[in-house]
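Working through the structure, step by step
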Amino acid sequence: KREDLDDVLRYMSSELSALHVFVYGGEYNAAIPNIDGSESLHRIGSLGASVSRTSEGYQITKVFIPNPDFDNINGREIVSPLSDKTLSVTGQKGLAKGDIITHINGEHVLSAPSLGYFLRGSAGESILLQVRRSGANEEENLIVVPIDQDAAADLRYRAWEYKTKVLAEQKAKEIGFTVGYTHLRAMGRSDINDFARTFYPYHNADALVIDVRHNHGGNIDSWLLDTLSRKAWVFFQGRATNITDGGLGWGEQMSFRGKVVVLIDEKTSSDAESFSRGMKTLGLGTLIGTRTWGGGIWLSSDNHLVDGGIATAPEVGTYNNEWGWGTGIEQMGVIPDIIVDNEPYSTYHGVDKQLEEAISFLAEKLGNKTLALPNNPGPHPNRSIKSFGAQCSA
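First, a word on scope: everything that follows refers to the structure included in this document. (Residues numbered from 1 in each chain as written. Predicted model: local features only at pLDDT ≥ 70, side-chain atom pairs only at ≥ 80, totals over all residues. Heavy atoms only, no water.)

On to the sheet that holds strand β10 (residues 179-183), then. Reading across the sheet, the five strands line up as β10-β11-β12-β13-β17 and stay open at both edges, with parallel pairing between neighbours. At either end of the open sheet lies a strand with only one pairing partner, and these are β10 and β17 (338-339). The sheet strands contacting helix α8 (residues 353-366) are β10, β11 (207-211), β12 (259-264), β13 (286-289) and β17, and the helix crosses β12 at an angle near 160°. (Pairing = 2+ DSSP bridges. Helix = DSSP H or I, 4+ residues; strand = E, 2+ residues; numbered from the N terminus. Contact = heavy atoms within 4.5 Å. Axes fitted to C-alpha atoms, helices over the stretch in contact; angles between N-to-C directions.)

With that settled, consider the packing of helix α5 (residues 221-229) against helix α6 (residues 271-281). Packing of α5 against α6 leaves a shortest axis separation of 9 Å and a crossing angle of 30°. Classified by the angle between their axes, α5 and α6 sit roughly parallel to one another. When you trace α5 past α6, the crossing you get is right-handed. The residues of α6 that touch α5, namely those facing Asp221, Leu224, Leu225 and Leu228, are Asp271, Ser274, Phe275, Gly278 and Met279. Partitioned by chemical class, the residues of the contact of α5 with α6 number five nonpolar, two polar and two charged. (Parallel < 35°, antiparallel > 145°, perpendicular 65-115°, else oblique. Left-handed = near helix turned anticlockwise from the far one by under 90°. Nonpolar A, V, L, I, M, F, W, Y, C, P; charged D, E, K, R; others polar.)

The next thing to look at is a nonpolar patch on the surface. Taken together, the side chains of Leu5, Val8, Met12 and Leu305 make up a nonpolar region of the molecular surface, amounting to roughly 340 Å² of accessible area. Note on placement: leucine 5 falls in helix α1 (residues 2-14). Assessed through its relative accessible area of 37%, leucine 5 is described here as partly exposed. (Patch = residues over 30% accessible without salt bridge, like charges linked within 9 Å, V, L, I, M, F, W, Y side chains within 5 Å. Areas by Shrake-Rupley, 256 points an atom, 1.4 Å probe, with all protein chains shown as cover. Salt bridge = Lys/Arg side-chain N within 4 Å of Asp/Glu carboxyl O. Buried < 20%, exposed > 50% of the residue type's maximum accessible area, 1.4 Å probe, protein only.)

Next up on the list: the packing of aromatic side chains. Going through the model one piece at a time under the given rule, you end up with nine aromatic pairs. Note on tyrosine 157 and tryptophan 160: the rings are 5.8 Å apart at their centroids and 70° apart in plane angle, and the pair reads as edge-to-face. Taken together, the residues span about one helical turn, with tyrosine 157 and tryptophan 160 both in helix α3 (residues 149-175) at a distance of three residues. Ring centres of phenylalanine 195 and phenylalanine 199 lie 4.9 Å apart, and the angle between their planes is 15°; on these two criteria the pair is classed as stacked. You can see phenylalanine 195 and its partner phenylalanine 199 sitting in helix α4 (residues 189-199), four residues apart, about one turn around the helix. Residue classification places phenylalanine 195 among the buried positions, given a relative accessible area of 0%. (Phe/Tyr/Trp six-rings, centres within 6.5 Å; stacked < 30°, edge-to-face > 60°.)

Now the structure itself:
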């Protein structure tokens, strides 16, 4: 069996005592044959919300809402099927916390052990919900279209990103400064776009939180470090515009001038670790969180086997004068400047101690001063020949 070969490959690879070793892919026997295309009938659709089973049905506890500015990326909708934005298109009203789903396609939802039973094969298909809104006595019908599990996972993740962004901005505002928040879930092509969407609008903020917690890597650390290394060195003043009202701003346009914190944790891995190490080594920011994964030997993932499977091989060493081989990452992980762990209980109840520490640290670094602009040199000099020509050595 292919699974037995995987075991052998894993045993062999483990002798290297190196990270970035992964065994995956290849020809496996499918648990559910898909010869006639019927596999999709067993996949459970998602309503894009969390629910709780009650004596009346399934009560909505949360409808996942991503950043409303970026809930349509390259024509791909990232919205909950139960949201007001989705249902208002068909003249329906979205569901909210406290509303109860009682029936799906005419079947009472309590007639089966799980809500997923009624959502099998429903992704992309219209289904009929009977719901009782919070405080209402009568039920009403809704036509909704569930999404697949991959889209649901992306929706939940982006909703978490947006919630964390709003929380960071609120806490900073309470203290009296402005902060930008950008999260990178990986370090690939699409993550460059995500960074651009969430970094450049806040290039003039007093502080910046770059969140690479549970980032599974890629290869864009050099681009990120290059972007964050740019320094403002000259400022522009036009006849009718300046750096505060839509003018050109400063040389090295859109370069960030404020304080920077990078959030890391035990799931920050691979290229996100290289980025974190670079931020520290280049003096660009302060690291807050917990020790990272520990993968500092790079790989190309091009040594595929004949059946398409792979046992990846760490093959590209990294080093510098400060840390030597592995740049203090391989089998060590990046140790943050300030160690803060998000404990399970408080995290479950919505507390983000690492983010709170980041905001407190930034407030302390800024002190009573927000991001200052350079002093205006004063009136423009008169450079006419009559007044200034005598000083010209040309």
